[in-house]
Structures are given as C-alpha cells and as structure tokens.
Amino acid sequence: MKKYSFFDYLKKKQEFEQARRAGQKFLDSDQDRLTDFEEINLYGTDPHNPDSDFDGVSDGDEVMANRNPLGAGKLRDLFVPCAQNDYAPEILRPRRIAFHVVSLLAIKLILMSFIIFYPLSAWLSPDISLNEARKVIDLTNELRKKLKLEVLVENSRLTQAAWQKTQDMLINQYFAHLNPSGQDLSYWINKNGYKYSIIGENLAMGYVTAKDVVTAWSKSPTHYRNIVDRNFKETGVAIGDGRFKEVDTVFMVQYFGRPALVKNSSAKAAAAPSKRTTAKKNARQLASAAKSVKGDRAYSIESAEINKFKTGTISIKKDAFSKTATIKTEVVLPAETIAATVIINNRELELTKSSAEDYWSGVALISSDEEKEIFSPLVPATLLTEDNLGQQNIYQLDWNEIKPIKTSIWEKYFLFKRNPTNNMLPILIFGNFYFKILFVVFSLAAILNIVVKIKKQKLELILGSFGIIVLLAIFILF
C-alpha cells in the first residue's frame, strides 16, 4: 500500500474529485461506502477490509463522522486540515480547545498558589535585598540630579547601621525613629563608628518596590528634605523582613550623613558650617519640599536634625463592621501655636486645640482604598505648625498603634515573578517553558489551518485558536 506526502494527498484528492465529476465510476470492493481509489490513495485503508482499524466501525462511517479510519493519533489529522478531519484539525476543535484552556488555567493557578503562599521572608534573599537597596540609592540620586545636587555615595558603615535599625524594629515591634529604650538614629550610627557632622534618617514599612518607597518619601516634607539636602554626602540603605504584629512585612531604612571634617598637619581643615548657616540652608531645602504639600508656605527648622515631639502620637483603628478606618492624632504643642497639620503620605489632617491646655488632636475617617494609598508603604507622619509670630516649624510623629497592611496577592505574585528565589526558580522556568511550547504548537496549528485550505475556513476554529494563543501570551508575560 502506497503512502503519500500531504501534498501528494491533495493532488490525488483533486484527481478523484475531477474524475467523479466527469462521471467516472469507482469500485467499492468491501462495501464500506469508500471507493477503492479513496482507500488506497487518500485514506491509506484496506480496500478489502471495511474496518481497517478493527474498532467495530466501518471506514466509511468513520470518515463521515470526521474520524480517522485508521484510528486516532495521526499527526496529519491532529494538525493539518484535510478530508479525514473534515478540514478541522483535531487540536483546534472546540472540545480540545476547551480542555486545553481548563488545563492551562489549572496549571497557572497551581503556579500562582506556590508563589502566593511562599513566605515573604523566604523571598528576600541577601542578593535581592542588596539589589533593591541599591535601586533606592539610584532613585534618590536621580531626584538629586534633577535639582543639580551632588549625588550620594554609599557608605558601608551607614548601611550596617541601617540594617541594625531594621532588626531592632522587628525584634522590639515598633515603627518609629525612637526605639522603646529611647535610642535614636545617632545611637546606631555611632555604634558603627561613623564620624559625622550631620545625619538623617528615613523609615518605611510595607515595602513592595524601591520606586514605591522613594515616591512615598518624596510626598513627605521631612523625608523629602533628607533626600534633597545638599549637606548630605553619603547614604546607606537596608531592607529587613519579618513579622510585625502578626503580619509578614518589610522594613526599609535609609541613613544620610556628612562625614566629620578631619584636621591634618599639612593643611587647615575647612570650618564646619555654623548652626545658623546650616539652618538657613535646610530651610531653603525644606521650603522646596513643603511647597509640594502646602502650596507656597515654607516651613523652617532650627537645627540640622529633625525636630520631634516625644509627646505626640498617631494611631489607626479599624472598624470591624464597615470598610472604613479612623486615623487619630494627639500631640502637645507650645502655647503660642495657632495652627497644626499632620501629613501622612500627602494626606492632610488638620488638628484642633482642645479645652485642655496645649493639647491638639485630629480625627479622620478613611476608606479602604484611601487606607491602601496612605499605608502602602507607610512612613512616619509629618507635623507642620505655625505660632502667633508667624514662625512655621516641621516635626515628625511616630506611629503609636498601627497594624501594617498585608501585601496583596497580586503585589506578592509580581514581586516573586520579578525576583524569583532559587527554590522558586525551577517551578517558574517549568511553567514558562510549558506555556511557550504550547504557544508555538497552537500558533503553527492556526497558521496551517488558515493557509493550507483557504477556501475551507471555519470561523469557530479560527476564533478558538486565536483565543488560546492570546491566553498563552498573557500567561507568558504575566
């Protein structure tokens, strides 16, 4: 029995159709409704056996039912439109498309489940932590370059100090510039032997990307002031992950510093800037930051370091019966204060003076959407005040009661997808490879279906093949 290539098959099929239209009679030896010519030249079946594959169904009935009379499994029937499959390749038939779609969705859900339920702490490897910390420094320097300021150089002592600060916040379960023992940023910097003339500190919690953190800091006047302060020359960034109030989260600390001047015998050291000179420079920098939040009002400070009210607190309380939360601020201010505003990630909360002497407070309701915008990532709040002489000052308030927002499923998924761990990498590679193979297979099948028999197109096959190709492309990209 002769075997023909696909193109020979098309030629023989054309010859048969022409001969039949011309009135030529063909013998059907086994009476299976397929002529001997068709069985020998088109289908490869035995013209003297009505059931070539011995499945209990005659060759003619199988052809009429769009089935392969030699049995399933021939690649030609699977991929190539031909008479045996009624010009509808098996792989593109609706029932097979539906099966593959369900299978692909199941595989994708399994892969996503591995990622979603993977501990956040297992993701933040030293390599990824270092890479993200450097991104923060790069973004910081991009902001400084736009203002034509000198870029900051990474200092290993500041980086080590920042790392110790992240661990201290996780161990002692607080989020503030001052720890429960009363130690501030100077404690960690001095502990690591960094000799400085000026230092600064930025904190953030609920980190997802370096861009998110730097954007949040840029919206806060005190944090933005550190980023654009021309007095700073060096920086160090550290990322620490762990559980904070029963939620997996990530802390980020960025330290800024200007090394202390060292005298030597060969030349006179440059004079350190006076307190007054430094304050003027800082006021000019702070004015630029404050304008983005409070219009044209500029807030000055009296020293190179951030002023801070130890008696001020800010807290959030969730409403169990609605999708809202309450932000509450309480602070004791000097008697001459006439106005006070708290800024949290660019959200303003006006404070009012109560009947109690020098006691100011403010309360605001926020929706779940606003909560996500304000607290992801979370940064210490900024307090802006004005006294009866027109003097305007800026302070920072630490959080007293806050439960961090959990990283969303999609944020966590893309976080792991961008930076897979060594344990997760084989799973992601397998999934991506599988999707790419199927993408190629269905693309080729769709091309063959359209090109091989242009006059025999079936809309449902074209739409089905296009749909699964688009689905695979989405899975590969995301």
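Just so it is clear, the structure is predicted and the values come from calculations on it, not from any experiment.

S.K.: How should the overall build of the protein be read in this particular structure?
M.R.: Summing up its helical and strand segments, the protein has 16 helices and 13 strands in all. Of all 478 residues assigned to the protein, the portion counted as buried reaches 47%. For the protein, contacts bridging at least 24 residues in sequence account for 67% of all contacts bridging at least 6. Accessible surface, the protein as shown: approximately 24600 Å² in total, 58% of it carbon and sulfur.

S.K.: How should I be thinking about the confidence of the model for the protein in this particular structure?
M.R.: In low-pLDDT segments, the atomic positions of the prediction should not be examined closely. Residues with a pLDDT of 70 or more make up 74% of the protein, whose mean pLDDT is 77. Mean pLDDT values over the elements of the protein span from 39, in helix H12 (residues 275-294), up to 96, in strand E1 (residues 153-154). Confidence drops under pLDDT 50 across residues 264-308; counting only partners more than four residues distant or on other chains, this segment forms 89 contacts.

S.K.: Teacher, can you tell me more about the nonpolar core here?
M.R.: In globular proteins that are soluble, nonpolar side chains generally tend to be buried together. Judged by nonpolar contacts, the single largest core of 43 residues is most densely connected at Phe175, Tyr255, Val342, Phe375, Leu383 and Trp399. Residue contributions to this core peak at 5 residues, all from helix H8 (residues 156-172). When neighbours within four sequence positions are excluded, Val342 is seen to be in contact with Ile314, Thr329, Arg347, Glu348, Leu349, Leu351, Ala381, Thr382, Leu383 and Leu397. The next biggest cluster of nonpolar side chains, apart from the first, holds 23 residues, and it includes Val214, Ala216, Val237 and Val250.

S.K.: Help me understand the pairing of strand E11 (residues 381-387) in this model?
M.R.: Within E11, 6 of the 7 residues are buried, which leaves the element mostly enclosed by the surrounding structure. Pairing of strand E8 (residues 337-344) with E11 involves 6 bridges; the strand directions are antiparallel. Within E11, the residue paired with Ile343 across the bridge is Thr382. One ladder, built from 6 bridges, connects E11 with strand E12 (residues 392-397); its direction is antiparallel. Residue pairing across strands places Glu386 opposite Gln392, the latter belonging to E12.

Definitions and cut-offs
Every chain's residues receive numbers from 1 upward, in the order its sequence appears when written. In keeping with the model being predicted, local features are shown solely for residues with a pLDDT of at least 70 and side-chain atom pairs are shown and tallied solely at 80 or more, while totals for entire chains, interfaces and linings include all residues. Here the side-chain values reflect all heavy atoms present in the structure, with hydrogen atoms and water set aside. Secondary structure elements follow DSSP: runs of H or I no shorter than four residues count as helices, runs of E no shorter than two count as strands, and numbering proceeds from the N terminus. For each residue, the accessible area found with a 1.4 Å probe, counting protein chains only, is set against the maximum for its type, and the residue is called buried under 20%, exposed over 50%, and partly exposed in between. Contacts: residue pairs with any heavy atoms within 4.5 Å of one another. Surface exposure here means Shrake-Rupley accessible area, sampled with a 1.4 Å probe, where a residue is shielded only by the protein chains that are shown. pLDDT runs from 0 to 100 and stands for how confident the predictor is about each residue. As used in this record, nonpolar core signifies buried Ala, Val, Leu, Ile, Met, Phe, Trp, Tyr and Cys residues forming a set joined through side-chain atoms within 4.5 Å. Any two strands between which DSSP finds at least two bridges are classified as paired.

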